[in-house]
Amino acid sequence: MAHLMEPGEILSVPLEYFNSAVLPPLREQLDIAKIKDSLQWDPQGWIQGAQGWAADQNEPITRISEEKTFEPLSDFFEAVVRQARKAVNTPTKFGFATRRVESPISERSDATRPNAYLLLADKQRFDAQERNKNDNKNSNLNSWDDIAVSFEFKNDDGDVEYEDESDKIIRSLHHIMSSDPCRRATFGVTIDNADMKFWFTCRAVTLVSKPFDLRREPEHLIHFFCSVAFANDHELGWDPTIWRVCVGGKYQYDITVNTDEGKVLVYETTRVISDFTADALRGPGTRVFEVRLKSQDGKLVKDAEHAILKDSWRDCDRDREDTILEQIFADLRNHKGIEQADEARKYFLTILAAVNVMVDGKIDGTDSLLRISDLLADCTSYPLPVDELSRPAGTDEGLPPSFPCVRGSAKQSRVRHRIHSRLVFKEVFQPIYELRSLDAVFETLEDARIALQFLHSVRWVHRDVSAGNVLRVGGMGKLAGLEYAKRMESETTHDVRTAILGFVACEVEAQIYLFKGYRPKPKGQAWKPSFRFNPLHDMESIWWVATWVLYYHVDQDGSQPTTDQSTWFNKFFPGRPDSLSRMGAFLDHVDCEVLPTSFHPAAHEVEEMHQELKMAYFNSEKEMFAIPRQNDVARTVFCRVLSGNHRQR
């Protein structure tokens, strides 16, 4: 599966900017120049005199083995910290560790092995005592969960296949951010010969400093070591409101929710519902857990119902999901009446609590991790890698089937700040991609369509309908994921939503109208209407979900899709950004005969939805725009198909 990545870039910034905007503030007692001068009298500290570093500054460091490279770097770290402690009179909580034969352990296995890392010495976040009881075979291994800074060294031994140190550090940063719910950000360091760069990533941006010559300007590394060695955990990217605990030999998380009423609620996770959007280095990083409430004495509240907790990073210029939902209900009350508003609530989740996460007395956001948002004019960039990074293997919790990644085509701003928020929902749900009955799937989609009908009736559009947001609770479907919903007449501009799941309407992916060819152009006038999201796009996403279910699954346990079925699935869901195959498949007729025979009745009805949807597009864009009327026509067909009771179970 391709690495799920919002479109973005790595920004290369001056060292001065990196130090002032990203690194934890230096303790005011520390004087970098004095520490540098003092190291000249410390035989272990001065880099040029350390074993393994070439006294001749023209000799490439890449000819030295990685182990010998990091031995003196470890000595240098210890020497810097030793001198700094004299000024701050505070012990550091980190140690410098070099790569072992084994990779650091993680809840998800991964072959990534940093050459070296700064590691929490007390390993508080790994609950070491409980781990030793339950996992003795790994008790002496280091953990990804304790790594504050990853180091990578370019080892060019003449092999043309060697991996670039930048690619390796991105793998390490990605593993930490995707695997550890306790992380808000993380740091890295790369060495290429004598050139050193500092790295940082959070949910808004990935930064790398301009390179400097380590042997000629060691003060930059001294500054880096002093900044991180005495920093607080939250300044290094850890989340102080989430703690890892060991429950029955398995790791869970205690997550704090500070309500607006002043209550401090702690929920213990029982399982992961979904966390695949956390795979992106930048983006919402959404994780969804099933949870139970804990009492003040740390025990689970007796007879407390299970609930759902959603932890995510929303765009700073967007309302929180609970606020958007209440705006929709208010519009329904004002325009459709109280009864309609109350009826609509059945098709959405019930919110028990909704908060912005507080860290260090402030609302947690990427602007608190990146203290200076304005980038310099000479800041350069290069694209984030997408295809080469894979999701770490491991527990199946939170892992959906292999959904493709389809991104929006509009260019995103360089730094789009995000706010960290949490919502607690009453209903414990099942995503539609977990359902194993076609009847249940179509019933759930019909309820999601009704939810959309309520939205569209007051001129709202959802804009993120997907298999992850269409849910089943008991015998009823519900629609979630409203953080991207907006009023149709809203002039608020945002970068185009990235559809991590491949259910986005083709026009939205292309950002153009595809069915307007029948409308005659006014004589002598250019005709290029501005593109806007409309209700038909939401309806198309419903069709994509139904199509995914049919072409992904088989009708017998243990059987495999035929070659023809897989071919059509890959046409619909190619897993590549900006692919023409998906659009071509939508514009063409769909071959239902490649599916299992028991799927044929449902598939033919889904194809009827497909053809009616295309006709609605043609008619609406022909008249430019008869969208509300054509949406009613499409909705009638969708309703009849999805509410049918004659499909094969």
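These remarks concern the structure in this document. Nothing here was measured: the structure is a model prediction, and the numbers come from that model. For every chain, the first residue of its written sequence is number 1, and the numbers climb from 1 along that sequence. Given that the model is predicted, a residue must reach a pLDDT of at least 70 before its local features are reported, and side-chain atom pairs must reach 80 or more before they are shown or counted; all residues, however, enter totals for whole chains, interfaces and linings. The side-chain quantities take in all heavy atoms of the structure and omit both hydrogens and water.

One bridge is not enough; two strands pair if DSSP finds at least two bridges between them. Numbering of helices and strands starts at the N terminus; helices are DSSP runs of H or I of at least 4 residues and strands are runs of E of at least 2. Read across the open sheet, the 3 strands follow the order β19-β21-β22; overall the sheet is antiparallel. Strands with a single pairing partner mark the edges of an open sheet, and in this sheet they are β19 (430-431) and β22 (476-479). Note: strand β21 (residues 470-473) against β22, 4 bridges, orientation antiparallel. Considered in β22, the bridge of R472 is made with G477. Most of the contacts of helix α10 (residues 438-457) go to β21, to which it runs at about 115°, and overall it touches β21 and β22. Contacts are residue-level and defined by heavy atoms, with any inter-residue pair within 4.5 Å sufficient. Fitted lines through C-alpha atoms give the axes, limited to the stretch in contact for helices. The angle between two N-to-C directions lies from 0 to 180 degrees.

Before going further, it helps to examine the environment of A185. Following the sequence through the fold, A185 ends up in strand β5 (residues 185-192). For A185 and T206, which are 21 residues apart along the polypeptide, the C-alpha to C-alpha distance reads 9.7 Å. Apart from the residues lying within four places of it in its own chain, the contact partners of A185 are M177, F200, T201, C202, L236, G237 and L369.

A separate point is unusual backbone geometry. Although it is not a glycine, N89 sits at a positive phi angle of roughly 55°. With respect to the helices and strands, N89 occurs in the loop between α3 (66-88) and β2 (94-98). Here R463, not a glycine, exhibits a phi torsion of approximately 75°, which is positive. Among the structural elements, R463 can be located in the loop between β20 (460-461) and β21. With a 1.4 Å probe rolled over the protein chains alone, any residue whose accessible area is under 20% of its type maximum counts as buried; one over 50% counts as exposed, and the rest are partly exposed. Take R463: its relative accessible area is 18%, and that puts it in the buried class.

Further remarks concern the packing of aromatic side chains. Stacked, edge-to-face and tilted are the three classes for Phe, Tyr and Trp ring pairs, Trp counted by its six-membered ring, which pair at centre distances within 6.5 Å; planes under 30 degrees apart are stacked, over 60 edge-to-face, the rest tilted. Enumeration over the complete set of coordinates arrives at 32 aromatic pairs. Here Y253 and F289 contribute two aromatic rings whose centre-to-centre distance is 6.2 Å and whose plane-to-plane angle is 50°, an arrangement assigned as tilted. With Y253 in strand β10 (residues 250-258) and F289 in strand β12 (residues 287-294), this pair connects stretches of sequence that are 36 residues apart. Residue class for Y253 comes out buried when judged on its relative accessible area of 5%. Accessibility expressed as a relative area gives 4% for F289, which makes it buried.

Let us look at empty space enclosed by the protein. In this analysis, the protein atoms alone were mapped onto a 1 Å grid. Cavities are point sets where a 1.4 Å probe fits without being able to get out; pockets are open sets with protein on both sides within 12 Å along at least five of seven lines; lining residues have an atom within 4 Å of a point. Grid points are joined across faces, edges and corners, and a volume is the space filled by probe spheres set on the points. Throughout the structure, instances matching the rule amount to 9 cavities of 30 Å³ or more. What lines the largest cavity is a set of 15 residues, among which S312, W313, R314, S421 and E483 lie closest to the centre. Going through the elements one at a time, β13 (307-315) and β18 (418-425) are the ones with two or more residues in the lining of the largest cavity. Polarity classes work like this: nonpolar for Ala, Val, Leu, Ile, Met, Phe, Trp, Tyr, Cys and Pro, charged for Asp, Glu, Lys and Arg, and polar for all others, with Gly in that last group. Looking at the lining of the largest cavity, its residues break down into 4 nonpolar, 2 polar and 9 charged. Here the second largest cavity is characterised by a volume of approximately 70 Å³. As for the second largest cavity, its lining consists of 13 residues, of which P181, R183, R287, D311 and W313 are closest to the centre. Partitioned by chemical class, the residues of the lining of the second largest cavity number 4 nonpolar, 2 polar and 7 charged.

We now examine the nonpolar core. Nonpolar core, defined: a set of buried Ala, Val, Leu, Ile, Met, Phe, Trp, Tyr and Cys residues in which side-chain atoms within 4.5 Å join the residues together. Within the largest apolar cluster, 77 residues are counted, with the highest numbers of intra-cluster contacts made by F348, L445, W543, L550, Y551 and F572. Setting aside residues up to four positions removed in sequence, F572 forms contacts with W543, W544, T547, Y551, R582, A585 and V590. Counting residues in each nonpolar core, the second largest holds 72 residues, with A21, V22, I32 and C226 among its members.

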